[in-house]
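Architecture at a glance
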Amino acid sequence: MLLLGIDIGTSSIKVSVVDAQTQACLASAQYPEEESDIISPRAGWAEQSPEMWWEHAKAALQKANATGMYNSQEIGAIGIAYQMHGLVVVDHKQQVLRNAIIWCDSRAVEIGNKAFKAIGEERSLARLLNSPGNFTASKLAWVKANEPELYYNIDKIMLPGDYVAMKLTGSITTSVSALSEGVFWDFQEDQLSEDVLNYYRFDKNLIPVIHPVFSEHGTVSKAVADELGLKAGIPVTYKSGDQPNNALSLNVLKPGEVAATAGTSGVIYGVSDKLIYDPQSRVNTFAHVNYAGDEKRLGVLLCINGTGSLNRWIKNIAGTGTSYAEMNQLAAAIPVGSNGLRVIPFGNGAERMLNNKIVGTHFHHIDLNLHTKAHLFRGVQEGIAFAFRYGLDIMRESGMNPNIIRAGKANLFLSDSFTEAFVNATHVPVELYQNDGSVGAALGAGIGVKAFQSEEEAFTNSKRLQVVEPKAIEAYEPVYQEWKALLEKQLNDA
């Protein structure tokens, strides 16, 4: 059996086809090659077109099929990973009513803050494990308040992966994991949150039917199968947000295991078997992909909005004609601390770990006679690594104390200077693997269709590429402390 994984990223859509027996990736393709646009009608707003995701998903699959590396008629299950916390709304004909309000959109912050106080902070944290914050439920409340005519035409709300699954199958489903990331789930009652539904006056009928993550979420329609060279009737057997999926793809499934990623956004994601929460909701707890009522598996998630997005920004500003690999080489030639340059790397909307403040990106201590673009590249990467340390210290307050972190050797972890800064700032070694979100989604589909005897069996051929140990903590610690002081001054002024 072949397994198809689709990863709906903010920048592009990637697909991979995996042989279930060997777990080998036979072909991958992404579309577009350049990064997709984020629509920003106002400062702090961020939207994308769901129809664009679907067109790009089809284009990516057609590119993969064109490689000739597999027979698309042998694909037996489909898994989908997707950018988290987005809001897609459709009418009763499954037509999209507006652009999706995506994860880094900040418009609903105050709506969520009011809900937090109205429901009761202790009650919200104990039951939702989060503040309603800027998550999907609060984004829907914004639509209700500001676009009432559109709101009353909504038949179902979805996350980005649910939408692509709907386009494949015609079926609309959700899961406990998905509902928890939208802050619709009551973990004490293990059911939809009456507090959230009643406070926002949402009709329960807006919520799709709830299925387990690893289960059938519909089957591919004949029309879609004919268009994409697939068999009709292939089941979609897995849907997950990108960060739980990244953890799955790194075989991070048991309590105490921790994954990290540094793509468009940066994440540390640890698994717990306890209903833990941060009193300030700076890090967030959601149902992991293997959450079950009788076996609690929670994902504790730290998110930094502006990691790869900041690295891309500095490339566009200072690295015209320079590849990311060349940027990394230039950064590696600069000493620890970037000769005094400090970068506060927040400029992509409200940051949850900073109490939903919009801090912005700041460059400190630029010396016009000393600092070059290489310093900018290294300063950005060190600033991002320090943001990870700052967030990990918050996670440690909740009892998440990793002794090793697993990550894919991709994105910023391709940079030796970033990886060195990350391990030395956090004081935690990193294991680097050859992993990929779309491959993880494919293996998730295999688990859902029972191609494997267990979740762990899906990763028996996973290969560790490298272990990076912290060897320069003493050099990085004073630099981090100076960076932290600059950030905290910025927070006090915000």
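Conventions and cut-offs
- Residues numbered from 1 in each chain as written.
- Predicted model: local features only at pLDDT ≥ 70, side-chain atom pairs only at ≥ 80, totals over all residues.
- Heavy atoms only, no water.
- Helix = DSSP H or I, 4+ residues; strand = E, 2+ residues; numbered from the N terminus.
- Rg over C-alpha atoms; globule rule 2.2 N^0.38 Å.
- Buried < 20%, exposed > 50% of the residue type's maximum accessible area, 1.4 Å probe, protein only.
- Areas by Shrake-Rupley, 256 points an atom, 1.4 Å probe, with all protein chains shown as cover.
- Pairing = 2+ DSSP bridges.
- Axes fitted to C-alpha atoms, helices over the stretch in contact; angles between N-to-C directions.
- Contact = heavy atoms within 4.5 Å.
- Core = buried A, V, L, I, M, F, W, Y, C linked by side-chain atoms within 4.5 Å.

1. Some words on the overall build of the chain
Each helix and strand counted, the chain has 16 helices and 22 strands in total. Taken over C-alpha atoms, the radius of gyration comes to 22 Å for the chain, in line with the 23 Å a tight globule of 494 residues would show. Scored against the burial criterion, the 494 residues of the chain give a buried share of 62%. Approximately 18,800 Å² of the chain is accessible, and the part contributed by carbon and sulfur atoms is 47%.

2. Thoughts on the sheet that holds strand E13 (residues 236-241)
The strand order across the open sheet built from 5 strands is E3-E2-E1-E5-E13, with neighbouring strands paired in mixed fashion. Every interior strand has two partners, whereas the edge strands, strand E3 (25-31) and E13, have only one. Each strand of the sheet is rotated relative to its neighbour by a mean of 15 degrees, with strand direction disregarded. Of the strand pairs in this sheet, strand E2 (residues 13-19) and E3 are connected by 6 bridges, and their pairing is antiparallel. Opposite lysine 14, over in E3, you have glutamine 30 as the bridge partner. Together, strand E1 (2-8), E2 and E3 form the strand contacts of helix H1 (residues 50-66), whose direction differs from that of E3 by roughly 140 degrees. Its contacts with the sheet put helix H6 (residues 160-169) on E1, strand E5 (75-82) and E13, and the angle it makes with E5 is roughly 150 degrees.

3. Remarks on helix H3 (residues 121-128)
Of the residues making up H3, those classed as buried are Ser124, Leu125, Arg127 and Leu128. Looking at the buried side of H3, the elements it contacts are helix H2 (109-119), strand E10 (185-186), helix H8 (194-200) and strand E16 (284-287). Downstream of H3 by one or two residues, leucine 129 has phi in the positive range, about 65 degrees.

4. Focus: helix H4 (residues 136-146)
The buried fraction of H4 amounts to 9 of the 11 residues, a majority that puts the element mostly inside the structure. The complete set of buried residues in H4 reads Thr136, Ala137, Ser138, Lys139, Leu140, Ala141, Trp142, Val143 and Lys144.

5. Some details on the pairing of strand E17 (residues 298-304)
Along E17, 7 of the 7 residues are buried, which leaves the element largely enclosed by surrounding structure. Taken together, the 7 bridges between strand E15 (residues 266-272) and E17 define a ladder with antiparallel strand orientation. Within the sheet, the bridge partner assigned to valine 271 lies in E17 and is glycine 299. Two elements, E16 and E17, share 4 bridges in a ladder whose sense is antiparallel.

6. Section: the pairing of E13
Of all 6 residues making up E13, 6 are buried, and the element is well covered by its neighbours. Bridge count for E5 against E13 is 5 bridges, and the pairing is parallel. Note on E13: the bridge partner recorded for isoleucine 78 is valine 236.

7. Concerning the nonpolar core
Ranked by size, the top nonpolar core spans 53 residues in total, and within it Phe346 and Phe422 carry the most contacts. At 12 residues, helix H13 (residues 373-397) tops the list of elements feeding residues into this core. For phenylalanine 346, the residues in contact, after removing those within four places along its chain, are Ile304, Glu351, Met353, Leu354, Val359, Gly360, Thr361, Ala387, Trp483 and Leu487.

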